[in-house]
Amino acid sequence: MRSQRGGAGTVGAERAGPVADALTLEGVSREYRRGVAALHPVDLAVPRGRFLAVMGPSGSGKSTLLQCAAGLDRPTAGTVRVGGTALASLKESALTRLRRERIGFVFQAHNLVPSLSVAENVALPLLLGGAPPDGRAARALAAVGLGARGEDRPAELSGGQRQRVAIARALVTEPDIVFADEPTGALDPATAQGVLALLRRAVDRDGHTVVMVTHDPVAAAWADEALFLVRGRVVGRLDRPGADDVRRVMERLGRDTGENAAESTAGGEGGEGWRA
Ligand code: ADP
């Protein structure tokens, strides 16, 4: 990940060429109440094929960052681009379409439609977009190891299997980026590892891009990079994060949530790969 300032961002609603980063944020801030910033201006570029974990204490702005980046909330200031398209340039209907076709979502609660079959759930983003039935949903389901369960209802699956279905649904449109919000928060550790391994494989094998909000250092260790937020500011990053390093940083940030959290963590506290 690198700063996008001065980079080759594309202005306007046109989709940029294949070199556009999966996601860029330029000066993105969010105030829910006038003068109270839940997110201070954030600059962020997530290249394609990257797995990024967003971490921070409760209330640090992780959800706000994700909601703004995914076009679910409009930032107070700044520019969000998904695959080169500036979200602010889109009317509501176009933004809805972009979310459906170019962004995948995986939530803590899998949000499957209980009355639809597993296969129909996976196909939903395609059907809503008017695409004719084709083999994509079946392939996506097979890719998460559930090719034989397409006719079942979500209630007939385990929690981990349902989350796999949610991942298949998130990937079925071949989106520019997948946002995962605490995707393993409701799973036991062994099942969680399987879900994280799937996300990792989607990145490594298929070139997908994943931004995952998590509070779990073990989950963050599956990412290429962990980004740490405190009080709405990015205070540092860890490349190739190890669970122990992440845990140390989180403990330190939890103790020291003041304005100088970055400085206090910079003295080797984050271990190798820490960048404030
Ligand atoms: P996290 O996901 O890290 O727990 P959030 O992004 O949910 O943090 O919240 C960041 C800050 O913004 C917190 O102080 C929270 O109270 C505030 N906040 C979040 N959502 C709203 C909202 N809809 N209205 C007002 N304040 C909000």
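Residues numbered from 1 in each chain as written. Predicted model: local features only at pLDDT ≥ 70, side-chain atom pairs only at ≥ 80, totals over all residues. Heavy atoms only, no water.

Brief notes about the packing of aromatic side chains
Counted only if it meets this: Centres within 6.5 Å make a pair out of two Phe, Tyr or Trp rings, where for Trp the six-membered ring is used; the pair is then stacked when the planes are under 30 degrees apart, edge-to-face when over 60, and tilted otherwise. Partly exposed residues are those whose accessible area sits between 20% and 50% of the maximum for their type, while under 20% is buried and over 50% is exposed, using a 1.4 Å probe and protein chains only.
Per the counting criterion, the structure on display carries 2 aromatic pairs. Here the aromatic rings of F105 and F107 are separated by 5.7 Å at their centres, their planes lie at 5°, and the arrangement is stacked. By relative accessible area, F105 is classed as buried at 16%. For F107, a relative accessible area of 28% corresponds to the partly exposed category. Each residue in the set F105, F107 and F179 is aromatic and connected to the rest through ring pairs, giving one cluster.

Brief notes about the site of the ligand
Convention followed: Whether a residue is near a molecule or strand depends on its heavy atoms: it is near if one of them lies within 4 Å of it. Here a polar contact means two N or O atoms within 3.5 Å. Within protein one must be a hydrogen donor candidate and the other an acceptor candidate, and residues neighboring in sequence count only if both atoms are side-chain atoms. Note that accessible areas follow from Shrake-Rupley with a 1.4 Å probe, and for residues the cover is restricted to the protein chains shown. Think of it this way: any DSSP run of H or I at least four residues long counts as a helix, any run of E at least two long counts as a strand, and we number them from the N terminus. Each residue is assigned to one of three groups, with Ala, Val, Leu, Ile, Met, Phe, Trp, Tyr, Cys and Pro labelled nonpolar, Asp, Glu, Lys and Arg labelled charged, and all others, Gly among them, labelled polar.
In the region of the ligand, the neighbouring residues are Y32, A38, P57, S58, G59, S60, G61, K62, S63 and T64. In the model, an oxygen atom of the ligand is placed 2.7 Å from a nitrogen or oxygen of the G59 main chain. Contact distances for the ligand include 2.7 Å between an oxygen atom and a side-chain N or O atom of S63. In the complex, the protein chains occlude 53% of the 560 Å² of accessible area that the ligand would expose alone. If one sorts the elements of the shell around the ligand by residue count, helix α1 (residues 62–69) sits on top with 3 residues. Considering only residue class, the shell around the ligand consists of 3 nonpolar, 6 polar and 1 charged.

Notes on the side chain of E182
Definition in use: Asp and Glu count as negative and Lys and Arg as positive, but His and the ends of the chain are not part of the count. The working definition used for a salt bridge is a side-chain nitrogen of Lys or Arg within 4 Å of a carboxyl oxygen of Asp or Glu. Contacts between residues were defined by any pair of non-hydrogen atoms, one from each residue, lying within 4.5 Å.
With respect to the secondary-structure elements, E182 resides in the loop between β7 (177–181) and α6 (189–204). Although buried, E182 forms no salt bridge, and the nearest oppositely charged side chain, K62, lies 5.8 Å from it. At a separation of 3.0 Å, a polar atom in the side chain of E182 contacts the side chain of H215. The residues contacting E182, other than those within four sequence positions of it, are Q108, V213, T214 and H215.

Notes on the confidence of the model for the protein chain
To keep things clear, this is the line we draw: On a scale of 0 to 100, pLDDT captures the predictor's confidence in every residue.
The predicted model of the protein chain averages 88 in pLDDT, with 87% of residues at 70 or higher. Mean pLDDT across the elements of the protein chain ranges from a minimum in helix α9 (residues 261–266), with 52, to a maximum in strand β4 (residues 77–82), with 98. Note on residues 1–16: pLDDT under 50 across the span, and 40 contacts to partners over four residues away in sequence or across chains.

Topic: the sheet that holds β4
To be explicit about the condition: Here a strand pair is declared whenever DSSP counts at least two bridges between the two strands. Every angle, taken between N-to-C directions, lies between 0 and 180 degrees, and every axis is a line fitted to C-alpha atoms, over only the stretch in contact when it is a helix.
What the 4 strands build is an open sheet, ordered β2-β1-β4-β5; its pairing is antiparallel. Each having just a single partner strand, β2 (36–46) and β5 (85–86) make up the two edges of the open sheet. Of the pairings in the sheet, the one linking β4 to β5 comprises 2 bridges and is antiparallel in character. When the sheet's bridge partners are listed, R81 is paired in β5 with A86. Across the sheet, α1 touches β1 (23–33), β2 and β4, and the angle it forms with β1 is around 120°.

Quick look at the sheet that holds strand β9 (residues 225–230)
The sheet built from 7 strands is open, its strands ordered β6-β7-β8-β3-β9-β10-β11 with mixed pairing. Across the chains shown, the open sheet's two edge strands, defined by having one partner strand only, are β6 (103–106) and β11 (274–275). For β7 and strand β8 (residues 210–213), the ladder comprises 4 bridges, and the chain directions are parallel. Pairing of F179 across the sheet is with V211, part of β8.

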